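Structural features, examined
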Amino acid sequence: MPVKYQGGLGTIWKHNYILRMYKRAQIVDGYFLNDAYEDKEVLLDVQSSSSNIQHTPQGDKETKSLTSYGNFPIQTASAIQGYRADLLWYDGEWYECSSCQWYEHLPTRHWTATWQRVSESDQEPPPHVTREEADDDD
């Protein structure tokens, strides 16, 4: 995705977050293998957008989503190009980027991304965040 003008959106509402940026997957025996990533501290304006309860035969499950605003693009999943979606560490949980769009028609010109909370089993905190710190975010 080409990077366009990245000015505009100030830092007044932004905070530091950990963004897990996945690298391009390798193809081994016809399967994509992608464990390579880099955790970076980034400046974003992140806002909760929804929280719902899904009723399933296995029990109730809470789904959460976020919206973020920033000056750079976020990678979404692409099976064709071999990319896994970037993850955002927010309030002690990982969220996967489901869309990212450039808004150049606004005076602030910025990237808007939507995020979906990943499953309970994939909530291992980043290496430099302890489990106790992650649990304290609740």
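Note that the coordinates shown come from a computational prediction; the quantities given were computed from them, not determined experimentally.

The subject of this paragraph is the pairing of strand β7 (residues 93-103). In this sheet, β7 lies alongside strand β6 (residues 87-90) in antiparallel orientation, the contact comprising 4 bridges. Looking at the pairing, L88 lines up with Y95 of β7. Note: β7 against strand β8 (residues 110-117), 8 bridges, orientation antiparallel. Across the sheet, the residue bridging to C100 is A113, located in β8. From the end of β7 to the start of β8, which pair antiparallel, there are 6 residues, and R109 there has a positive phi angle of about 40°.

Let us now look at the nonpolar core. Counting residues in each nonpolar core, the largest one holds 16 residues, and the members touching the most others are V46, L66, I74, L88, Y90 and W115. For this core, the secondary-structure elements that each account for two or more residues are β1 (15-22), β4 (37-56), β6, β7 and β8. The contact partners of L66, leaving out residues within four places of it in the chain, are V46, Q47, S48, S49, L88, Y90, Y95, A113, T114 and W115. Among the nonpolar cores identified, the runner-up in size contains 7 residues, and Y22, L87, V118 and V129 belong to it.

Mean pLDDT over the protein stands at 81; residues scoring 70 or higher make up 81%. When pLDDT is averaged over each element of the protein, β6 comes out on top at 95 and helix α1 (residues 131-136) at the bottom at 59. When the criterion is pLDDT under 50, residues 1-7 qualifies, and its contacts beyond four places in sequence or with other chains add up to 16 contacts.

Basis of the calculations
Residues numbered from 1 in each chain as written. Predicted model: local features only at pLDDT ≥ 70, side-chain atom pairs only at ≥ 80, totals over all residues. Heavy atoms only, no water. Pairing = 2+ DSSP bridges. Helix = DSSP H or I, 4+ residues; strand = E, 2+ residues; numbered from the N terminus. Core = buried A, V, L, I, M, F, W, Y, C linked by side-chain atoms within 4.5 Å. Buried < 20%, exposed > 50% of the residue type's maximum accessible area, 1.4 Å probe, protein only. Contact = heavy atoms within 4.5 Å. pLDDT = per-residue confidence, 0-100.

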